[in-house]
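If you want the building blocks of each chain, they are given just below.
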Amino acid sequence: MSRVTFKTSDDLVQKLFDTAEEKLKLNLKDFSGRTVLIEGGGYEKIWLETQPMGGEMYAKRDMTPALNNQLLFMEYQREDGRIPGSIALINGKITPQFNKFQGFCFPEPALNMYYLMGKDEEYLELLHRTLERFDAYLWKTRDSDGDGCLETWCKYDTGEDHAMRYMDAPDAWEAEIPPTGCEAVPIASMDVMSYSYSCRSVLAEISRMKNQKEDAKLWAKKSLQVLQRMKEYLWDEAKGAYFDKDKHHRQMPILIHNTLRAMYWGSITQKMADRFVKEHLCNPNEFWTRLPLPSVAVNDPMFRNVTTNNWSGQVEALTYQRAIRALEKYGYYELLPQLGNKLFKAIGEKCVFVQQYDPFTSVPSSIALEGEQDAYGPAMLSVLEYISRMYGVHIDKETICWGSCGKRDTEYEQEWNDVNYRIVNDGAYAEAFLNGKKIFSVPSGRRVITDYMGNILNVQSLEDPTKKGLF
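In short, a report on the structure. (Residues numbered from 1 in each chain as written. Predicted model: local features only at pLDDT ≥ 70, side-chain atom pairs only at ≥ 80, totals over all residues. Heavy atoms only, no water.)

### Considering the overall build of the chain
- Along the chain, the regular secondary structure elements total 12 helices and 21 strands.
- Over its C-alpha trace the chain gives a radius of gyration of 21 Å, about what one expects of a compact globule, namely 23 Å for 471 residues.
- On the principal axes, the C-alpha backbone points of the chain span a range of 65 × 50 × 45 Å.
- In the chain, buried positions account for 63% of the 471 residues.
- Long-range contacts, defined as pairs at least 24 residues apart, comprise 61% of the intrachain contacts of the chain with a sequence gap of at least 6.
- Measuring between centres, the 57 positive side-chain charges of the chain sit 3 Å from its 67 negative side-chain charges. (Helix = DSSP H or I, 4+ residues; strand = E, 2+ residues; numbered from the N terminus. Rg over C-alpha atoms; globule rule 2.2 N^0.38 Å. Buried < 20%, exposed > 50% of the residue type's maximum accessible area, 1.4 Å probe, protein only. Contact = heavy atoms within 4.5 Å. Lys, Arg positive; Asp, Glu negative; His and termini not counted. Charge placed at Lys NZ, Arg CZ, Asp CG, Glu CD.)

Shown next as structure tokens:
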């Protein structure tokens, strides 16, 4: 059984938590006898860019849809290795759709589900086969010009709906050869390269877990080859960010947030990530706006503050969802409370959960689809995940992450695998309990990592990010 309870003296945060919990239940759907968590907010499918990640986040509450959100993508993989970009229920039938990649937030959430579900070896083997076949598919089809860099062929390949940087590229593309006659595509892509990197790095990890040392070395070497190619071909050392290249091998100079996505997948070195975070992500003239994380730097000529579904500028809830893993992976824990609090205030007392937000005013763009939007999954899951990192408990593989920031009273409880994990914070000190037994007490503002039994492995700061020179 999985269950989360949370109490706080902060009225806004409490209301956001309670409302997100209830509205997420609206996104639980029956797909021909399989309960899944759809994206919501008008998006009635499960999408590869959101729902394996979203399902794994929802495992805190319900393991069944969390697992189905992984399994369906693996079970409907094509013979040639391609994974559906989305899966719909059409006339009562589960229908895989292969007309885009639609992002790839899949390998690491799927691997974490192996731990959350109790280490099912058949599941792990299925995941291994799925990733190996998809990586092979990418390199067989998506380097059409042979320059060693994988390509995006349509806007939906990277989930950047209506992004101006794609120019006249098609929205979707089902053919196994790139479109012709377009201004930019096929584009040498940091995202699609990262899909391969993520496959290979997780395959290396699975091989290590299975004590297959030679395979682990091979996949680690292959993942490093992807990173090295990205660094030499797409990284701009003078500018401190990744930039895609168009079909003529010319740099597309638009400063997009996608380097943060590379951090999510791990396809960037620590030194490179440090430069992007300090020079761009935390720059108030670029990405650290009143509500941070616009899709395009606000001072870039290509930025557009479009209020409908458009990745040309406004802040996307999905970016907040991905930012958690991205920042944790590179040690920027101090930024998580900053982002969480800003997102909480942007959504506000109305507790309407939408797709996009104005970076200058923080105002939600409620008409992301036809009519008013609400119950958009990435927005609700972002709220709940930031709360888990700031005030609560998060299970990652074989570790437990405990958060204790804020000056308000909080109490967060996670039931998982017949164990009760609870952390209580009075604003000065936080106390953690495992099955009612106290396991540690720390000053507030700490992030504590333990094993399942509560043994402390590491203590990190959630304090003022200025101490790292970020602002």
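Moving on, there is more to tell.
### Describing the layout of surface pockets
- Of the voids in this model, the largest pocket is the one considered here, and its volume is about 420 Å³.
- Surrounding the largest pocket, 20 residues form its lining, Arg325, Glu328, His394, Asp396 and Arg447 being those nearest its centre.
- Secondary-structure elements contributing two or more residues to the lining of the largest pocket are α2 (51–58), α10 (317–329), α12 (377–391), β14 (393–396), β15 (399–403), β20 (446–450) and β21 (456–461).
- With four residues, α10 is the largest single contributor of residues to the lining of the largest pocket.
- When the residues that make up the lining of the largest pocket are grouped by side-chain class, the tally is six nonpolar, four polar and 10 charged. (1 Å grid on protein atoms, 1.4 Å probe; cavity = no way out; pocket = protein on both sides within 12 Å on 5 of 7 lines; lining within 4 Å. Points joined across faces, edges and corners; volume = space filled by probe spheres on them. Nonpolar A, V, L, I, M, F, W, Y, C, P; charged D, E, K, R; others polar.)

### Details of the packing of aromatic side chains
- Evaluation of the coordinates by the stated rule reveals 23 aromatic pairs.
- Geometrically, the ring pair formed by Phe6 and Tyr412 is tilted, given 5.9 Å between the ring centres and 55° between the ring planes. Pair noted here: Phe6 is in strand β1 (residues 3–8) and Tyr412 is in strand β16 (residues 410–416), with a separation of 406 residues, a long-range link. Of the two residues, Phe6 and Tyr412, neither departs from the other in class, the shared state being buried.
- Here Trp402 and Phe440 contribute two aromatic rings whose centre-to-centre distance is 5.5 Å and whose plane-to-plane angle is 85°, an arrangement assigned as edge-to-face. With Trp402 in strand β15 and Phe440 in strand β19 (residues 437–443), the pair connects residues that are 38 residues apart, well separated along the chain. Phe440 matches Trp402 in its accessibility class, with the two residues each being buried.
- An aromatic cluster of three or more residues is present, and its members are Phe101, Phe104, Phe106, Phe134, Tyr137, Tyr195, Tyr264 and Trp265.
- One cation-aromatic arrangement involves Lys239 over Phe243; the distance from NZ or CZ to the ring centre is 4.9 Å.
- Lying over the aromatic face of Phe433, Arg422 brings its terminal NZ or CZ to 4.5 Å of the ring centre. (Phe/Tyr/Trp six-rings, centres within 6.5 Å; stacked < 30°, edge-to-face > 60°. Lys NZ or Arg CZ within 6 Å of the ring centre and 35° of its normal.)

### A short note on empty space enclosed by the protein
- One pass over the full model with this rule turns up four cavities of 30 Å³ or more.
- Space inside the largest cavity adds up to approximately 70 Å³.
- Top element by residues in the lining of the largest cavity is β16. It accounts for three residues.
- Partitioning the lining of the largest cavity into residue classes produces five nonpolar, four polar and three charged.

### Digging into the side chain of Thr141
- Its location among the elements puts Thr141 in helix α5 (residues 121–141).
- A distance of 2.9 Å separates a polar atom in the side chain of Thr141 from the backbone oxygen of Tyr137.
- In this structure Thr141 touches Trp153 and Glu176, once residues within four positions along its chain are discounted. (Polar contact = N/O pair within 3.5 Å; in protein donor to acceptor, adjacent residues only side chain to side chain.)

### A few points about the packing of helix α4 (residues 107–116) against helix α6 (residues 190–209)
- Between α4 and α6, whose axes approach to 9 Å, the crossing angle comes to 25°. Taken as axis vectors, α4 and α6 run roughly parallel relative to one another. Here Pro107, Glu108, Leu111, Tyr114 and Tyr115 of α4 lie close against α6, whose contacting residues are Ser198, Cys199, Val202, Glu205, Ile206 and Met209.
- Tallied by class, the residues present in the contact of α4 with α6 amount to eight nonpolar, one polar and two charged. (Axes fitted to C-alpha atoms, helices over the stretch in contact; angles between N-to-C directions. Parallel < 35°, antiparallel > 145°, perpendicular 65-115°, else oblique.)

### Things to note about the sheet that holds strand β5 (residues 86–90)
- Strand order in the open sheet made by the three strands is β4-β5-β6, with antiparallel pairing throughout. Each of the sheet's edge strands pairs with one partner strand only, and the pair in question is β4 (46–47) and β6 (93–97).
- The sheet contact formed by β4 and β5 spans two bridges and is antiparallel. In the sheet register, Ile46 faces β5, and the bridge partner there is Ile87. (Pairing = 2+ DSSP bridges.)

### Observations regarding unusual backbone geometry
- The peptide bond linking Val185 to Pro186 adopts the cis configuration, its omega dihedral lying at 5°.
- In this model, Asn211 sits at a positive phi of 60°, which is unusual for a non-glycine residue.

### Some thoughts on the sheet that holds strand β18 (residues 429–434)
- Across the sheet, five strands lie side by side as β1-β16-β17-β18-β19; this open sheet has antiparallel pairing. Where the open sheet ends on each side, the last strands, each with one partner, are β1 and β19. Mean inter-strand twist for the sheet, computed between neighbouring axes without regard to direction, equals 10°.
- In this sheet, strand β17 (residues 419–425) lies alongside β16 in antiparallel orientation, the contact comprising seven bridges. Within the sheet, the bridge partner assigned to Gln414 lies in β17 and is Tyr421.

### As for the nonpolar core
- By size, the foremost hydrophobic cluster in this structure holds 152 residues, and its most contacted members are Met263, Leu327 and Tyr386.
- Counting residues per element, this core draws most heavily on α6, which supplies 10 residues.
- With residues up to four places along the chain from it excluded, the contact list for Leu327 reads Leu260, Met263, Leu281, Tyr332, Leu335, Leu336 and Leu339. (Core = buried A, V, L, I, M, F, W, Y, C linked by side-chain atoms within 4.5 Å.)

### A few points about the pairing of β20
- When you tally the buried positions in β20, you get four out of five residues, the bulk of the element.
- Pairing of β15 with β20, which is carried by four bridges, proceeds in the antiparallel orientation. Residue pairing in the sheet places Gly403 in a bridge with Arg447 of β20.
- Once β20 ends, the chain turns through five residues before running back antiparallel as β21, passing Gly454 with a positive phi of about 90°.

### Some remarks on the environment of Val352
- Relative to the assigned elements, Val352 resides in the loop between α11 (335–347) and β12 (356–357).
- Judged by relative accessible area, which is 29%, Val352 ranks as partly exposed.
- For the pair Val352 and Phe276, spaced 76 residues apart in sequence, the C-alpha to C-alpha distance is 32 Å.

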